[in-house]
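# A closer look at the structure
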Amino acid sequence: MRAQAGMKLLTHNLLSSHVRGVGPRGFPLRIQATEIRVSPVDFNPDFVTRMIPKMEWTALVEAAESLGHLSELPRQLKEGYEKDEDFLRKVHHVLLEVEVVEGTLQCPESGRLFPISRGIPNMLLSDDEATS
Amino acid sequence: MSALAPEERPPSPGEPPSPLPAGARYFCTVGRGLEPFLTREVGARLAATEVEYVSGKVFFTTNCGLTMLKQLKSAERLFLLLKKQPPLFISSRSKGKVFNEIQRLVTGDPLCWVRAVSIWRSLLELEENLPPEVAKPSKRKTGENENIITKKLKIEQTRVMPGDTECQLQKQKNDKIEEHKDLTTEKENFQEEKSENDGEKEVEHHQGKLTFRVSCRCSGTIAKTFTTEEVGRVIGIALIKQFGWKADLRNPSLEIFIHLNDIYSVVGIPVFRLPLASRDYIKVAGLRSTIAWTIASLAEINVGAVVLDPMCGLGTILLEAAKEWPNASYLGADVSDSQLLGACDNLKSAGLMDRIELFKFCVTELPLHSESVDVIISDVPFGKKFKLGKDIKSILHEMERVLCVGGTIVLLLSEDLHKYLQDYKESNITWNSR
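In this text the structure is predicted, and so the values were computed from the model without any measurement. (Residues numbered from 1 in each chain as written. Chains lettered and ligands numbered in written order. Predicted model: local features only at pLDDT ≥ 70, side-chain atom pairs only at ≥ 80, totals over all residues. Heavy atoms only, no water.)

### Section: the packing of helix H1 (residues 35-46) of chain B against helix H11 (residues 289-298) of chain B
Packed helix pairs are characterised by how far apart their axes lie and by the angle those axes make with each other. Residues and elements named next belong to chain B. The contact between H1 and H11 brings their axes to 11 Å, and the two run at 70 degrees. When the axis of H1 is compared with that of H11, the two are roughly perpendicular. Seen along the crossing, H1 lies across H11 with a hand that is left-handed. Here Phe37, Arg40, Glu41 and Arg45 of H1 come into contact with H11, specifically with Trp293, Thr294, Ser297 and Leu298. Classifying every residue of the contact of H1 with H11 by side-chain character gives 3 nonpolar, 2 polar and 3 charged. (Axes fitted to C-alpha atoms, helices over the stretch in contact; angles between N-to-C directions. Helix = DSSP H or I, 4+ residues; strand = E, 2+ residues; numbered from the N terminus. Parallel < 35°, antiparallel > 145°, perpendicular 65-115°, else oblique. Left-handed = near helix turned anticlockwise from the far one by under 90°. Contact = heavy atoms within 4.5 Å. Nonpolar A, V, L, I, M, F, W, Y, C, P; charged D, E, K, R; others polar.)

### Thoughts on unusual backbone geometry
In the segment running from phenylalanine 27 of chain A into proline 28 of chain A, the intervening peptide bond is cis, with an omega of -5 degrees. In this structure, proline 28 of chain A sits in the loop between helix H1 (9-12) and strand E2 (30-38). The phi dihedral of alanine 47 of chain B is positive, around 50 degrees, even though this residue is not glycine. Structurally, the position occupied by alanine 47 of chain B is in the loop between H1 and strand E2 (49-54).

### Focus: the sheet that holds strand E4 (residues 77-85) of chain B
All names here are of chain B. Judged by pairing direction, the sheet is mixed, and its 8 strands sit side by side in the order E2-E3-E1-E4-E8-E7-E5-E6 without closing on themselves. Edge positions in the sheet fall to E2 and strand E6 (246-247), since each of these pairs with one other strand and no more. Two strands pair when backbone bridges link them, and strand E1 (residues 24-29) and E4 are joined in this way by 4 bridges, in the antiparallel orientation. Bridge assignment links tyrosine 26 to a residue of E4, and that residue is leucine 80. (Pairing = 2+ DSSP bridges.)

### Observations regarding empty space enclosed by the protein
Enumeration over the complete set of coordinates arrives at 9 cavities of 30 Å³ or more. Counted as a void, the second largest cavity has a volume near 110 Å³. Residue lining of the second largest cavity: Gln4, Ala5, Gly6, Arg118, Gly119 and Ile120 of chain A together with Cys344, Leu347, Met353, Ile356, Glu357 and Leu358 of chain B, and that is the complete set. Those elements that provide at least two residues to the lining of the second largest cavity are helix H13 (337-350) and strand E11 (356-360) of chain B. Top element by residues in the lining of the second largest cavity is E11 of chain B. It accounts for 3 residues. Partitioned by chemical class, the residues of the lining of the second largest cavity number 7 nonpolar, 3 polar and 2 charged. (1 Å grid on protein atoms, 1.4 Å probe; cavity = no way out; pocket = protein on both sides within 12 Å on 5 of 7 lines; lining within 4 Å. Points joined across faces, edges and corners; volume = space filled by probe spheres on them.)

### Quick word on the sheet that holds strand E9 (residues 306-309) of chain B
All names here are of chain B. Strand order across the open sheet formed by 5 strands is E11-E10-E9-E12-E13, with parallel pairing between neighbours. In the strand order of this sheet, the two ends are held by E11 and strand E13 (403-412), each with one partner. Direction aside, neighbouring strands of the sheet carry axes that sit 20 degrees apart on average. The sheet contact formed by strand E12 (residues 373-379) and E13 spans 6 bridges and is parallel. Bridged to aspartate 379 within E13 is leucine 412. The strands that H11 touches are E12 and E13; relative to E13, the one it contacts most, it runs at about 160 degrees. Where H13 meets the sheet, its contacts fall on strand E10 (329-334) and E11, and the angle it forms with E11 comes to roughly 170 degrees.

### Remarks on the interface of chain B and chain A
Each partner contributes residues to the interface: chain B has 30 residues there, and chain A has 36 residues. Around 2800 Å² of area is buried between chain B and chain A when both sides are counted, 60% of it from carbon and sulfur atoms. On the surface where chain B and chain A come into contact, there are 2 salt bridges. Of the charged contacts in the structure, one is a salt bridge between lysine 8 of chain A and aspartate 354 of chain B, with a shortest N-O distance of 3.6 Å. (Buried area = accessible area lost by both parts, 1.4 Å probe. Salt bridge = Lys/Arg side-chain N within 4 Å of Asp/Glu carboxyl O.)

### A short note on the pattern of salt bridges
Any two side chains of opposite charge can pair, on the condition that their charged atoms come close. Tallied over the full model, the rule gives 24 salt bridges over all chains. A salt bridge links lysine 54 of chain A to aspartate 374 of chain B, with the nearest nitrogen and oxygen atoms 2.5 Å apart. Taken together, the residues span two chains, with lysine 54 of chain A in the loop between helix H2 (45-51) and helix H3 (57-66) and aspartate 374 of chain B in strand E12. The residue aspartate 109 of chain B makes a salt bridge to lysine 83 of chain B at a minimum N-O spacing of 3.9 Å. Remark: lysine 83 of chain B occurs in strand E4 and aspartate 109 of chain B occurs in the loop between helix H3 (95-107) and helix H4 (110-128); sequence separation between them is 26 residues. Each of Lys8, Arg37 and Glu99 of chain A together with Asp354 of chain B takes part in one network of salt bridges that share partners.

### Describing the packing of aromatic side chains
For any pair of aromatic rings, the description rests on two quantities: the centre-to-centre distance and the angle between the ring planes. All names here are of chain B. Taken as a whole and judged by the stated rule, the model has 13 aromatic pairs over all chains. Both rings, one in phenylalanine 99 and one in phenylalanine 226, keep their centres 5.2 Å apart while their planes meet at 75 degrees; by these two values the pair is edge-to-face. Residue phenylalanine 99 is found in helix H3, and its partner phenylalanine 226 is found in the loop between helix H9 (221-225) and helix H10 (228-243); the two are separated by 127 residues along the sequence. Judged by its relative accessible area of 4%, phenylalanine 226 falls in the buried class. Linked through ring pairs, Phe27, Phe59, Phe79, Phe257 and Tyr264 together constitute an aromatic cluster. A cation over an aromatic ring shows up here: lysine 84 above the ring of phenylalanine 59, its NZ or CZ 4.9 Å from the ring centre. (Phe/Tyr/Trp six-rings, centres within 6.5 Å; stacked < 30°, edge-to-face > 60°. Buried < 20%, exposed > 50% of the residue type's maximum accessible area, 1.4 Å probe, protein only. Lys NZ or Arg CZ within 6 Å of the ring centre and 35° of its normal.)

### Structural notes on the state of the cysteines
Per the stated rule, a full pass over the model turns up 0 disulfides over all chains. Of all cysteine sulfurs, the one in cysteine 362 of chain B lies closest to cysteine 107 of chain A, which takes part in no disulfide; the gap is 18 Å. Between cysteine 216 of chain B, a cysteine without a disulfide, and cysteine 218 of chain B, which holds the nearest cysteine sulfur, the sulfur-to-sulfur distance is 4.9 Å. (Disulfide = S-S within 2.5 Å.)

### Digging into the nonpolar core
Residues Leu9 and Leu105 of chain A together with Leu368 of chain B are the most contacted members of the largest nonpolar core, which totals 61 residues. In terms of residue count, helix H4 (residues 85-97) of chain A provides more of this core than any other element does, 6 residues in total. Here leucine 368 of chain B is in contact with Leu14, Leu15 and Ser16 of chain A together with Leu308, Leu331, Val373, Arg401 and Val402 of chain B, once residues within four sequence places are set aside. (Core = buried A, V, L, I, M, F, W, Y, C linked by side-chain atoms within 4.5 Å.)

Note that every value here comes from positions in space, so none of it alone points to a role or purpose.
Listed below in structure tokens is the structure:
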């Protein structure tokens, strides 16, 4: 039976805590991983090129580092990265090939913990916690 | 209208079957309301020409092979067109006269049937990649012929037959078995007759021991006077008499599909055993696959898009989308553990675990940045989970918030919900639709 898939760093970069009163300070969520999976994914330079502008670069680097998978990723984006295949491959690896199967995501502002179990992050808030 | 394009001709002895350069004519059954989408799809995917649709069926011509044909996503079933003609004239005529007309669907133009079966065989053979000698009709013994058909069947036999035509066939089955017994003595005479007829020499070559089953659908005026069993029987007997085929209800090599209604009389040969709508990559479907694909196709998913289904259930829409547009990032969320488990299972069976990620969160509280999602596609489960009013408003508000400028939302709504939203739209001045 295939191993469980997990939350990728690409998606982690889009996630934000929605606890009441937290607002933009609910990002980025701190990752504490107890089980990480690294699994090859087909490289598509076009995909990576288009994803990069959507990412919060600093947060991505921090997250990769916290998992011990920084993989020589530069801390700052350089100009002309679209043509740098070597760079794109590194980004591809960090975005798509590193997965958190078990662990937690923590809201940096409220401290609220969101568990990741069997690759699925549970970000459901109770009525009290919710913004609306 | 016959299945054959004008340039086509049956292969003469010593010549391999034509690779269908001029194409063949097909039709698909399609769910009501999806006709325009299928029309668009056959044009885009198969470079189809002469496309027309009439009430639940889309007719088209293409020279694409089975592999491409199998890719059709908004169709129910695919058939090789054998005959399409105006509806049978029923009203004041005697039953006998109408039966004669039904019979003439076969006897009126036997060559049309021969050619259609020949095209059908060519299609199957092309997929099998058989060596040329085996494909040449003159050298082919009827025994070998059977093997080719059986081989194809073995591959497909591992799947379970769908139930849509079974109920009609069950009744037909009993009738047919009885008749078959009656016909055995007559059949010997027919074999002799056949060999004398020059026009049917071709028939002998190609048909030989072909087994068949007739599947009938009658609606409108004709259904008031005739049962599907009666119509099926007339056609079946005509086929046995005309071509010497054997009826086999359990495992025929050839299926004949007939649909008679007030708009047309259509005869076709199903190209695949299973409906196209039954996907081999979806383990348990939530929403109907054809509708799920259509929703995704309306969303214009580009490379590198972030696609969200915030009420994904078993993940059917995401599966269809990820299969067709693999170079995007797919996120699915639900509040139900059992649904997420089912979705997870589906992803694994489809081998799409790398493309689609699942989350547990609620659509009214999306834990995503504003303007971070390019596409939202979903089936809104109105009535079961969400009520009109506050819930729907907050759902739409959240969706709008996370959607990028220029992003697309495609939602499947019930009638009531749609009406509600129309009213809401008109009354709410601050509503922004993208």
